[in-house]
Amino acid sequence: MITFDSVSKQYGSTVAVRDLSMDVAEGEVAVLVGPSGCGKTTTLRLVNRMVEPTAGRILIDGSDAMSQPTHELRRGIGYVIQQTGLFQHRTVAGNIATVPQLLGWDKDRIAARVDELMDLVGLEREMAQRYPHQLSGGQRQRVGVARALAADPAIMLMDEPFGAVDPIVRERLQDEFRRLQAEVRKTIVFVTHDIDEAIKMGDRIAIFNVGGVLEQYDTPERLLAEPANSFVADFLGEERGLKRLALRTVGDLPPEPGATASPGTGVDEARHVAATAGTDWVVIVDDERPHGIVRLSELNGAGTLGAAPTGRAPTVSAADSLRRALETIMTNEAGLAVCTDGDGRYRGVLTAERLRRELR
Ligand SMILES: Nc1ncnc2c1ncn2[C@@H]1O[C@H](COP(=O)(O)OP(=O)(O)OP(=O)(O)O)[C@@H](O)[C@H]1O
């Protein structure tokens, strides 16, 4: 969809982008990340020709961006910057309607589109007549995204779009953006200097170094598993293993069967089941759902499991991250996480050893 073909940009003796070749696939989010001055914003602006290359070509859907008139090119490209980008003298509705008005849409079509977009980005309709200064930082950011989406461009360029809001609002906007992107599937180039944001938002991440050098362009999973060099490894920061676990869900990993028994099972029989599975812990499963967990060596005498004092099963469900599973494993006595599917049915157990094998 977007191809950088040996692109360089020089300002006098400063090389902002150095011989860059990379592809951004249709419907994917490519995040550009790296230290200050490494050429992220310049790279982004090369796409809509706010900056023109010194050498090389940028192809959009196979055709050279330089061969199109800029106004035509930009019609197909939404652009979102930090909240300062809104027109202060225009209402929320007016801001969102900017591009449709330029394109000469009729009033009804514009009004319908504004309503649709406000719903899409999670803005109350009653905010339509407010001005930017009457909104919170997070709300302003949503208006910026809605404005960029207004004419349904195939490409979105986002330059630190969540940079100016506090960490809690930022996290919410990131979550909303992911939900939105799953729906609209735009081809997005996204600039940030925050590696955690990059890992969370990107289908692919381009890590740049000063001097406009692209060090590695890969999926978050592969970057974390196989950083190309020490610069990339340092930039990814501590706890690469934990970050990898955060990217994957419990549902991605087939659990081990674990030792299970029903509440009516006798303690002796449960001991046998546990011994066969090489554990001292049995998950009590009733009607396919985990009801508790019990340590057999602590049970005196016979009887059934249903009559024994049991603890709550340390459960994680399919949508939880593997990092959450690890947290669960590390903070309960049994040293395991009981996995359920989306409907709460028992699927098996995960252990620290299983996660360790997975990371290797
Ligand atoms: N218009 C310009 N004229 C001269 N030099 C420029 C211009 N724009 C950018 N540069 C230089 O090009 C380099 C890359 O700048 P760019 O803004 O792309 O970096 P960045 O990675 O986005 O930085 P930051 O994270 O600080 O925003 C920097 O050294 C910058 O000073």
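This one's a predicted model, so the numbers in the text were calculated from it and none came from an experiment.

Caption draft 1: Up close: the sheet that holds strand S12 (residues 281–286). Strand order in this open sheet of three strands is S11-S12-S13, and the pairing throughout is mixed. Only two strands of the sheet have a single neighbouring strand rather than two, namely strand S11 (260–261) and strand S13 (289–295). Relative to S13, S12 is paired through six bridges, and the arrangement is antiparallel. Bridging across to S13, Trp 281 finds its partner in Arg 295.

Caption draft 2: Molecular detail of the environment of Asp 320. By the element assignment, Asp 320 lies in the loop between strand S14 (315–317) and helix H13 (322–330). Its relative accessible area of 18% is what places Asp 320 among the buried residues. The sequence separation of Asp 320 and Gln 174 amounts to 146 residues, and the corresponding C-alpha distance is 17 Å. Residues within four places of Asp 320 in sequence aside, it is in contact with Arg 248, Thr 249 and Val 250. At 3.3 Å, the side chain of Asp 320 forms a polar contact with the side chain of Arg 324.

Caption draft 3: Quick look at the site of the ligand. Around the ligand sit Tyr 11, Thr 14, Ala 16, Pro 35, Ser 36, Gly 37, Cys 38, Gly 39, Lys 40, Thr 41 and Thr 42, and that is every residue in its neighbourhood. Within the contact set of the ligand, an oxygen atom lies 2.6 Å away from a side-chain nitrogen or oxygen of Ser 36. Within the backbone of Cys 38, an N or O atom sits 3.1 Å from an oxygen atom of the ligand. Computed on the free molecule, the ligand has an accessible area of 630 Å², of which 57% lies beneath the protein chains in the complex. Contributions of two or more residues to the shell around the ligand are made by strand S2 (14–24) and helix H1 (40–47).

Caption draft 4: Just helix H6 (residues 137–149), in detail. If you check H6, its first and last C-alpha atoms are 19 Å apart, about what 13 residues at 1.5 Å a residue would give, namely 18 Å. Among the 13 residues that make up H6, twelve are buried, leaving the element largely enclosed by the rest of the structure. For H6, the full list of buried residues reads Gly 138, Gln 139, Arg 140, Gln 141, Arg 142, Val 143, Gly 144, Val 145, Ala 146, Arg 147, Ala 148 and Leu 149. Of the surrounding secondary structure, the elements contacted by the buried residues of H6 are strand S6 (77–80), helix H3 (92–96), helix H4 (98–102), helix H5 (107–121), strand S7 (155–159) and helix H7 (167–184).

Caption draft 5: Region of interest: the sheet that holds strand S10 (residues 213–218). One open sheet holds the six strands; their spatial order is S6-S7-S8-S3-S9-S10, and the pairing between them is mixed. Edge positions in the open sheet fall to S6 and S10, since each of these has one partner strand only. Averaged over neighbouring strand pairs, the angle between their axes works out to 15° when direction is ignored. Bridging between strand S3 (residues 29–33) and strand S8 (residues 187–191) involves four bridges; their strand directions are parallel.

Caption draft 6: Seen up close, helix H11 (residues 240–247). Along H11, the positions that sit buried rather than exposed are Lys 243, Arg 244 and Leu 245. Buried residues in H11 make contact with helix H8 (195–201), helix H9 (220–225), helix H10 (230–236), H13 and helix H14 (352–359).

Caption draft 7: Summary view of the UniProt feature "domain: CBS" (unreviewed entry) in the protein chain. In the numbering used here, UniProt assigns the feature "domain: CBS" (unreviewed entry) to residues 307–360. Across residues 307–360 one finds 31% helix and 26% strand; the C-alpha atoms that close the span lie 42 Å apart.

Caption draft 8: Broad picture of the nonpolar core. Residues Ile 96, Met 118, Met 158, Phe 190, Ile 195, Ile 205 and Ile 207 are the most contacted members of the largest nonpolar core, which totals 47 residues. No other element matches the six residues that H5 contributes to this core. When residues no more than four places from it in sequence are discounted, the contact partners of Met 158 are Leu 44, Val 80, Val 145, Phe 177, Ile 188, Val 189, Phe 190 and Val 191. With 28 residues, the next largest nonpolar core counts Met 22, Val 24, Ala 30 and Tyr 217 among its residues.

Parameters at a glance
- Residues numbered from 1 in each chain as written.
- Predicted model: local features only at pLDDT ≥ 70, side-chain atom pairs only at ≥ 80, totals over all residues.
- Heavy atoms only, no water.
- Pairing = 2+ DSSP bridges.
- Helix = DSSP H or I, 4+ residues; strand = E, 2+ residues; numbered from the N terminus.
- Buried < 20%, exposed > 50% of the residue type's maximum accessible area, 1.4 Å probe, protein only.
- Contact = heavy atoms within 4.5 Å.
- Polar contact = N/O pair within 3.5 Å; in protein donor to acceptor, adjacent residues only side chain to side chain.
- Near = heavy atom within 4 Å.
- Areas by Shrake-Rupley, 256 points an atom, 1.4 Å probe, with all protein chains shown as cover.
- Expected span 1.5 Å × (residues − 1).
- Axes fitted to C-alpha atoms, helices over the stretch in contact; angles between N-to-C directions.
- UniProt positions renumbered as here; feature names shortened; annotations may be inferred.
- Core = buried A, V, L, I, M, F, W, Y, C linked by side-chain atoms within 4.5 Å.

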